[in-house]
Amino acid sequence: MFHRFIKLIIAGLLVATAVWQFTESNIGNGIFLILLTVIPIFLYYKNEFILMAFLKLRKQDFAGAKKWLDKIKNPETALVRKQQGYYNYLHGLMTSQTNLHQSEKYFKKAIELGLNMNMDLAVAKLNLAGIAMSRRRKMEATSLLNEVKKLDKQGMLKDQMAMMKEQLKKI
């Protein structure tokens, strides 16, 4: 696992090599190297292991997603702030199946670090509302559900919210 700044150094070296190729009249090599520079810059903002974990998660392969996430040894140095949020978000989704206490910590940290998409933020808060409801914290669950309602613009979580509100009435 590379430190995040090594990716930028590799991109800088590729640009320097491309400029050198332009000065040596190897225009094709320079253009290719400039285009190749896009890869490390893209991977600086979108970590390759998190992308692979998302792909595994789409296929409901939790073990495979966990394997990819475990390859990130030190998320604070390897990932930018938003990626750290998604790292914790993915861990929260995976541990919510088995350990609610641990997944609550992951979801809170993910919300604190930030998530790019409102839908991801809504899912994290919906899971937190479910955890709060399971621990009989009705006020916290209600406020989280209101926040989810504001974040869910497309209405994709409407059924889950209605089901949770019905369960909240029983508490």
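Residues numbered from 1 in each chain as written. Predicted model: local features only at pLDDT ≥ 70, side-chain atom pairs only at ≥ 80, totals over all residues. Heavy atoms only, no water.

1. Examining the environment of Ile 111
Then, in step 1: With respect to the element layout, Ile 111 can be found in helix α8 (residues 100-113).
Then, in step 2: For Ile 111 and Tyr 86, which are 25 residues apart along the polypeptide, the C-alpha to C-alpha distance reads 9.2 Å.
Then, in step 3: Not counting chain neighbours up to four residues away, the residues in contact with Ile 111 comprise Leu 121, Ala 124, Lys 125 and Leu 128. (Helix = DSSP H or I, 4+ residues; strand = E, 2+ residues; numbered from the N terminus. Contact = heavy atoms within 4.5 Å.)

2. Considering the nonpolar core
Then, in step 1: Grouped together as the largest cluster of nonpolar side chains are 38 residues, with contacts concentrated most on Ile 50, Leu 69, Ile 72 and Tyr 89.
Then, in step 2: Listing elements by their share of this core, those giving two or more residues are α4 (48-58), α5 (62-70), α7 (81-95), α8, α9 (118-134), α10 (138-151) and α11 (158-170).
Then, in step 3: Of the residues forming this core, the biggest block, 10 residues, is contributed by α9. (Core = buried A, V, L, I, M, F, W, Y, C linked by side-chain atoms within 4.5 Å. Buried < 20%, exposed > 50% of the residue type's maximum accessible area, 1.4 Å probe, protein only.)

3. Observations concerning α5
Then, in step 1: Where α5 is concerned, the buried positions are Gly 64, Ala 65, Trp 68 and Leu 69. Seen along its axis, α5 keeps its buried residues to an arc of 135 degrees; they face one direction. (Arc of directions from axis to C-beta.)

4. Let's talk about the environment of Ala 141
Then, in step 1: Mapping Ala 141 onto the fold places it in helix α10.
Then, in step 2: In sequence terms Ala 141 and Ala 129 are 12 residues apart; their C-alpha atoms lie 4.4 Å from each other.
Then, in step 3: Setting aside anything within four residues of it in sequence, one finds Ala 141 in contact with Ala 129, Ala 132, Met 133 and Leu 168.

5. What to know about helix α1 (residues 4-23)
Three or four residues apart is the spacing at which side chains of an α-helix point the same way, because the helix has 3.6 residues per turn.
Then, in step 1: Between its first and last C-alpha atoms α1 spans 30 Å; for 20 residues at 1.5 Å apiece the expected length is 28 Å, and the two agree.
Then, in step 2: Inspection of α1 places Arg 4, Lys 7, Ala 11, Leu 14, Ala 18 and Gln 21 among the buried residues, and these make up the whole buried set. Seen from one end, α1 has its buried residues packed into an arc of 95 degrees, which puts them on one side. Opposite the buried face of α1, by more than 90 degrees, sit the exposed residues Ile 9, Leu 13 and Thr 23. (Expected span 1.5 Å × (residues − 1).)

6. Considerations on the side chain of Lys 125
Then, in step 1: Its place among the elements puts Lys 125 in helix α9.
Then, in step 2: In contact with Lys 125, not counting residues within four places along its chain, are Ile 111, Leu 144, Glu 147, Val 148 and Leu 151.

7. Section: a nonpolar patch on the surface
Then, in step 1: A contiguous nonpolar patch, built from Val 15, Val 19, Phe 22, Ile 27, Ile 31, Ile 34 and Leu 35 and spanning about 570 Å² of accessible area, is present on the exposed surface.
Then, in step 2: Taken together, the elements giving at least two residues each to the nonpolar patch come down to α1 and α2 (27-36).
Then, in step 3: Looking at the nonpolar patch element by element, the count peaks at four residues for α2.
Then, in step 4: Examined against the element boundaries, Ile 27 turns out to sit in helix α2.
Then, in step 5: The exposure class assigned to Ile 27 is partly exposed, which follows from its relative accessible area of 45%. (Patch = residues over 30% accessible without salt bridge, like charges linked within 9 Å, V, L, I, M, F, W, Y side chains within 5 Å. Areas by Shrake-Rupley, 256 points an atom, 1.4 Å probe, with all protein chains shown as cover. Salt bridge = Lys/Arg side-chain N within 4 Å of Asp/Glu carboxyl O.)

8. Focus: the side chain of Gln 21
Then, in step 1: Inspection of the secondary structure puts Gln 21 in helix α1.
Then, in step 2: By relative accessible area, which is 8% here, Gln 21 ends up buried.

9. Structural notes on the confidence of the model for the protein chain
Close inspection of predicted coordinates is inappropriate in any region flagged by low pLDDT.
Then, in step 1: With 99% of its residues at a pLDDT of 70 or more, the protein chain has an overall mean of 90.
Then, in step 2: For the protein chain, per-element mean pLDDT is lowest for α11, which scores 85, and highest for α2, which scores 95. (pLDDT = per-residue confidence, 0-100.)

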